Amino acid sequence: MGDVVSLNDRLDFFEKRPLFGRKITVPYIKTNELIAKLQQLGADVTPVKTGIINPIIIPEFADKVRSADWIVFTSKNGVRSFFYNLDLAGADIRLIANARFAVVGKATEKELAKHHINADIIPMEQTGKGLADAMKLCMPYVYGESDEDTFDLSNGISDKMCKVCIFSAKEASPDLEAGLKEICELEKIDAYVNEQAYESIPESIGNMVSEAVFTSASNVERFFHMLPENAYVETAYSIGEKTTAVLEQHNVREIVQADDSSYEALVDKISYKDAFKD
């Protein structure tokens, strides 16, 4: 009798998880905490690999970064490629001892912290534009190492332009560059490439995807490229505006956008829809 009660308790626990019974498709490039979190909450997750991230070997890497005032990362992959190239160059963290660091969001911040570096800037709005706006407020304070280096607050131009190195995808959005190019010496460095994964889509998906979660615009394009011609997505969860814009170009019945560009915000939206589905 005791074993039966114990089994029933375990079954009751699984069935009471908030996403129990939900079939959710997650296009991804690298297995991540979003997939694990949805599974922990009870969802029946179908991961679909859409891409492969490969770091780019950066020519003259040491020369590019040793004089940087700011090093900027737009994703975890940018951080990984940076330290991959630092190792290839036979250098260590002393090469960038005088640099400050800016990241686009919390996930990138966590990746940088693995290398014992705290980000100096993490914008409230986790987008390229949000990061550019946050950096504009902080940049003046890295100037003035000598009496000759001055900063004129009236026109935003310094006698010594601040050098900013952005490590991002080869196909990255231009928003960050556009927001900074007029106020600093800017170098956008292609740190990694996001390539198509040539894998078959699971047969279980069929022509109708009830729910799918998208964490980038490229994932949207590649996922729909893999689907049968007449397939559609009933509800798509989007991590941000650019992803939503691409989803609007495809056969999607409903788009739900996260309040901010984070996995936590995506999960909140998915869970919220479940709570009010009746």
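As shown above, the structure is provided for reference.
Residues numbered from 1 in each chain as written. Predicted model: local features only at pLDDT ≥ 70, side-chain atom pairs only at ≥ 80, totals over all residues. Heavy atoms only, no water.

## Observations concerning the packing of helix α4 (residues 76-88) against helix α5 (residues 106-113)
Here is step 1 of the chain: Look at α4 against α5: their axes get within 8 Å of each other, and the N-to-C directions meet at 25 degrees. Considering their axes alone, α4 and α5 lie roughly parallel with respect to each other. Two packed elements cross with a definite hand, and for α4 against α5 that hand is right-handed. Here α4 contributes Lys 76, Val 79, Arg 80 and Phe 83 to the contact with α5, which in turn contributes Ala 107, Thr 108, Glu 111 and Leu 112.
Here is step 2 of the chain: The residue inventory of the contact of α4 with α5, partitioned by class, reads 4 nonpolar, 1 polar and 3 charged. (Axes fitted to C-alpha atoms, helices over the stretch in contact; angles between N-to-C directions. Helix = DSSP H or I, 4+ residues; strand = E, 2+ residues; numbered from the N terminus. Parallel < 35°, antiparallel > 145°, perpendicular 65-115°, else oblique. Left-handed = near helix turned anticlockwise from the far one by under 90°. Contact = heavy atoms within 4.5 Å. Nonpolar A, V, L, I, M, F, W, Y, C, P; charged D, E, K, R; others polar.)

## Considerations on the nonpolar core
Here is step 1 of the chain: Counting 25 residues, the largest nonpolar core has Phe 61, Ile 71, Phe 73, Phe 82, Leu 112 and Phe 167 as the members making the most contacts within it.
Here is step 2 of the chain: For this core, the secondary-structure elements that each account for two or more residues are α3 (61-65), β4 (70-73), α4, β5 (100-103), β8 (163-169) and β9 (185-196).
Here is step 3 of the chain: In terms of residue count, α4 provides more of this core than any other element does, 4 residues in total.
Here is step 4 of the chain: Among residues more than four places away in sequence, those in contact with Phe 73 are Gly 78, Val 79, Phe 82, Phe 101, Ala 102, Val 103, Val 104, Thr 108, Leu 112, Leu 131 and Phe 167.
Here is step 5 of the chain: Membership of the second largest hydrophobic core comes to 20 residues, among which are Ile 24, Val 26, Leu 38 and Ala 43. (Core = buried A, V, L, I, M, F, W, Y, C linked by side-chain atoms within 4.5 Å. Buried < 20%, exposed > 50% of the residue type's maximum accessible area, 1.4 Å probe, protein only.)

## A look at the sheet that holds strand β3 (residues 51-55)
By way of backbone hydrogen bonds, the strands of a sheet pair with one another, either parallel or antiparallel.
Here is step 1 of the chain: The sheet built from 5 strands is open, its strands ordered β3-β9-β8-β4-β5 with mixed pairing. Where the open sheet ends on each side, the last strands, each with one partner, are β3 and β5. Each neighbouring strand pair of the sheet contributes to a mean axis angle of 25 degrees, computed without reference to strand direction. (Pairing = 2+ DSSP bridges.)

## Details of the pairing of strand β11 (residues 232-238)
Here is step 1 of the chain: The buried fraction of β11 is high, at 5 of 7 residues.
Here is step 2 of the chain: Relative to β11, strand β10 (residues 208-214) is paired through 6 bridges, and the arrangement is parallel. Note on β11: the bridge partner recorded for Phe 214 is Ser 238.
Here is step 3 of the chain: Taking the sense of rotation as the criterion, the β-α-β connection linking β10, helix α8 (residues 217-226) and β11 turns out right-handed.
Here is step 4 of the chain: Regarding the hand of the β-α-β motif, the stretch spanning β11, helix α9 (residues 241-247) and strand β12 (residues 252-257) is right-handed. (Right-handed = clockwise from strand over helix to strand, strands pointing away.)

## So, the packing of aromatic side chains
Here is step 1 of the chain: Under the criterion given, the structure shown has 10 aromatic pairs.
Here is step 2 of the chain: On the numbers, 5.9 Å between centres and 40 degrees between planes, the contact of Phe 73 with Phe 167 is tilted. Linking Phe 73 in strand β4 with Phe 167 in strand β8, this pair joins segments that are 94 residues apart in sequence. For the pair formed by Phe 73 and Phe 167, the shared burial category is buried.
Here is step 3 of the chain: Aromatic ring contacts, followed pair by pair, group Phe 61, Phe 73, Phe 82, Phe 83, Phe 101 and Phe 167 into a single cluster.
Here is step 4 of the chain: Taking NZ or CZ as reference, Arg 253 lies 3.8 Å from the ring centre of Tyr 232, over its face. (Phe/Tyr/Trp six-rings, centres within 6.5 Å; stacked < 30°, edge-to-face > 60°. Lys NZ or Arg CZ within 6 Å of the ring centre and 35° of its normal.)

## Quick look at the pattern of salt bridges
Here is step 1 of the chain: Applying the stated criterion across every chain yields a total of 13 salt bridges.
Here is step 2 of the chain: Ionic pairing is found between Asp 175 and Lys 242, a salt bridge with its closest N-O pair at 3.0 Å. Remark: Lys 242 occurs in helix α9 and Asp 175 occurs in helix α7 (residues 175-180); sequence separation between them is 67 residues.
Here is step 3 of the chain: Owing to a relative accessible area of 45%, Lys 242 belongs among the partly exposed residues under this scheme.
Here is step 4 of the chain: A single salt-bridge network, built from bridges that share partners, covers Arg 80, Glu 111 and Lys 114. (Salt bridge = Lys/Arg side-chain N within 4 Å of Asp/Glu carboxyl O.)

On their own, these measurements won't tell you what the molecule is for.
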